[in-house]
Amino acid sequence: MALGDLSSSSSTSELHVLAVDDSIVDRKVIERLLRISACKVTTVESGTRALQYLGLDGDKGSSGLKDLKVNLIVTDYSMPGLTGYELLKKIKESSAFREIPVVIMSSENIQPRIEQCMTEGAEDFLLKPVKLADVKRLKELIMRGGEAEQEKTSNLISPKRILQNNIFFFIIFFIITITIIFIV
Amino acid sequence: MDAHVAQLQMQYRNYILSLYQQGFLDDQFTELKSLQDDGTPDFVAEVLSLFFDDCVKLVGNMARALDQTGTVDFSQVGANVHQLKGSSSSVGAKRVKGLCINFKELCEAKNYEGCVRCLQQVDIEYKTLKAKLQDMFNLEKQIVQAGGIVPQVDIN
C-alpha cells in the first residue's frame, strides 16, 4: 500500500457548512454565499437548533438528524437564547465536535468580543455584512487546514514499514552472529 | 425596437445611479446583485421580499412595545431595532440602516418621543424604498420583454 494514497482521500469533496443565524435575511444571504463557493449548506435559526442538528442537545436519539458530516460551523454572535459565543463553547467542550472549525459573524466590531471568541477557539471572526470575498478566503483557510492534516498523517511511518525495518536489522544481526560463530 | 431597448436600458441605468446617489442603497446592494446569476435570477427579489416582510414584523413589534404608555420596555424596542439594523445592512438599505443607528441611541436614552418619531420615519423609509425597488424591477421586466438584457450598472 503506497503512502501516497492517504493524501488523496477527501481533498476534493465539498465542505458541508452549518450556518446559524436568527435573521432570515442573513440566512438567505450566507446560504447563497456558501453555495457559490461550492459548499453544501444547512441553515438553522438558533444555537439550540444547531446543537440539536449535531446531536449535542443531550437527547441521545437525535444524532441521526444529520446525514452529512459537518466540516465548518458559521454562526452569528447576537442571537436570542444561546449566543454564538455560548454555542462555540459547547462545541469546543464536546469531544465529538471540538475539531470542527467555528467562525463567528457579528455586525459589531467590538475588540474584547473578538478576543473572547478567538481565545475560546474560534477559527475566525467575520464582520457583517459578510461578502463573497470573506467566504472564499474562509474556505481556503479551512481547506488548507484539512490538507495540512492529511500531510501530517501521510508523513507518519506506517506500522508495516516499521516492521520491515526491524526485520532488516534482525537479519543483519543474525548474519553477523553466524559469521562470528563461524570464525570462532 | 433596438432604440426602444437602448432607451429603457439608459432609463434603468440612470434610475439605479440615482438610488445610490440619493443614499437609498449602498455597496452591499451591489454585492447582492453580483451574487445573482442566470441560474438564480430571482435571488435579489427573494432577499428583498424577506427583508420587507421583516420590516413589517419588526415595525409592528416596536409599535406595540411603544404603545405600552408608562411601561415601555426600551430594551425590547432596542432588540427589534438591532435586528432591523442587521437586515437592512445585509441588503444595502442605507437610509433604513442609518435611521436604525439613531433609533438605537434613542432607545438607550429611553427617549419616548424620539423613539416614536424615529419609528414613524423608519416606517416611511422602508415603504419608500420598497416602492422604488418595485419600479426598478418593473424596468427590468420591461427591458427583458422588449428583448433586451438588463445592464450591469457600474456604480463607480
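About the cut-offs
Residues numbered from 1 in each chain as written. Chains lettered and ligands numbered in written order. Predicted model: local features only at pLDDT ≥ 70, side-chain atom pairs only at ≥ 80, totals over all residues. Heavy atoms only, no water. UniProt positions renumbered as here; feature names shortened; annotations may be inferred. Core = buried A, V, L, I, M, F, W, Y, C linked by side-chain atoms within 4.5 Å. Buried < 20%, exposed > 50% of the residue type's maximum accessible area, 1.4 Å probe, protein only. Contact = heavy atoms within 4.5 Å. Helix = DSSP H or I, 4+ residues; strand = E, 2+ residues; numbered from the N terminus. Right-handed = clockwise from strand over helix to strand, strands pointing away. Pairing = 2+ DSSP bridges. Phe/Tyr/Trp six-rings, centres within 6.5 Å; stacked < 30°, edge-to-face > 60°. 1 Å grid on protein atoms, 1.4 Å probe; cavity = no way out; pocket = protein on both sides within 12 Å on 5 of 7 lines; lining within 4 Å. Points joined across faces, edges and corners; volume = space filled by probe spheres on them. Nonpolar A, V, L, I, M, F, W, Y, C, P; charged D, E, K, R; others polar.

In the nomenclature of an unreviewed UniProt entry, chain B corresponds to Histidine-containing phosphotransfer protein from the organism Brassica napus.

Per an unreviewed UniProt entry, chain A is named Response regulatory domain-containing protein, and its organism is Brassica campestris. Regarding chain A, the UniProt comment filed under Subcellular location (unreviewed entry) reads as follows: "Nucleus". One UniProt comment on chain A, placed under Sequence similarities (unreviewed entry), says "Belongs to the ARR family. Type-A subfamily."

S.K.: Sorry, what's going on with the nonpolar core here?
M.R.: Generally speaking, a soluble globular protein has its nonpolar side chains buried in company with each other. Within the largest apolar cluster, 68 residues are counted, with the highest numbers of intra-cluster contacts made by Phe51, Val77, Leu84, Phe103 and Leu133 of chain B. Residues contacting Val77 of chain B, with those up to four places away along its chain left out, are Met62, Ala65, Leu66, Val72, Phe103 and Cys107 of chain B.

S.K.: Could you clarify how one ought to interpret the environment of Phe125 of chain A in this entry?
M.R.: All names here are of chain A. Within the secondary structure, Phe125 sits in strand β5 (residues 124–127). For the pair Phe125 and Ile24, spaced 101 residues apart in sequence, the C-alpha separation works out to 20 Å. For Phe125, the contacting residues outside a window of four places in its chain are Ile104, Ser106, Glu108, Arg113, Ile114, Cys117 and Met118.

S.K.: Sorry if this is basic, but what is going on with the pairing of strand β4 (residues 102–106) of chain A here?
M.R.: Two faces belong to every sheet, and in a regular strand the side chains alternate between them. Residue and element names in this part refer to chain A. Counting buried positions along β4 yields five of five residues, so the element is predominantly enclosed. Side-chain alternation along β4 places Val102, Ile104 and Ser106 on one buried face and Val103 and Met105 on a second face that is also buried. Taking the sense of rotation as the criterion, the β-α-β connection linking strand β3 (residues 72–76), helix α3 (residues 84–93) and β4 turns out right-handed. Sheet topology note: the β4/β5 ladder contains four bridges and is parallel. For Ser106, the partnering residue across the bridge sits in β5 and is Leu127. Assessed by its sense of winding, the connection that carries the chain from β4 through helix α4 (residues 111–119) to β5 is right-handed.

S.K.: What's the story with the UniProt feature "modified residue: 4-aspartylphosphate" (unreviewed entry) in chain A in this structure? I'm lost.
M.R.: Residue and element names in this part refer to chain A. Residues given the UniProt feature "modified residue: 4-aspartylphosphate" (unreviewed entry) here are Asp76. When you line up the elements, Asp76 lands in strand β3. Among all residues touching Asp76, those that are not within four sequence positions of it are Val20, Asp21, Asp22, Gly84, Met105, Ser106 and Lys128.

S.K.: Any chance you could explain the packing of aromatic side chains here in plain terms?
M.R.: Residue and element names in this part refer to chain B. Per the stated rule, a full pass over the model turns up four aromatic pairs over all chains. Taking 5.1 Å as the distance between ring centres and 55° as the angle between the ring planes, the aromatic pair formed by Phe51 and Phe52 counts as tilted. Of the two residues, Phe51 and Phe52, neither departs from the other in class, the shared state being buried. Aromatic rings pair up to connect Phe51, Phe52 and Tyr126 into one cluster.

S.K.: Teacher, can you tell me more about empty space enclosed by the protein here?
M.R.: Empty space among the atoms can be located by rolling a probe the size of a water molecule over them. Per the counting criterion, the structure on display carries one cavity of 30 Å³ or more. A volume near 80 Å³ is recorded for the largest cavity. Surrounding the largest cavity, Asp21, Asp26, Val29, Ile30, Leu33, Met105, Lys128, Pro129 and Val130 of chain A together with Gln28 and Ser90 of chain B form its lining. In terms of residue count, helix α1 (residues 24–36) of chain A provides more of the lining of the largest cavity than any other element does, four residues in total. Partitioning the lining of the largest cavity into residue classes produces six nonpolar, two polar and three charged.

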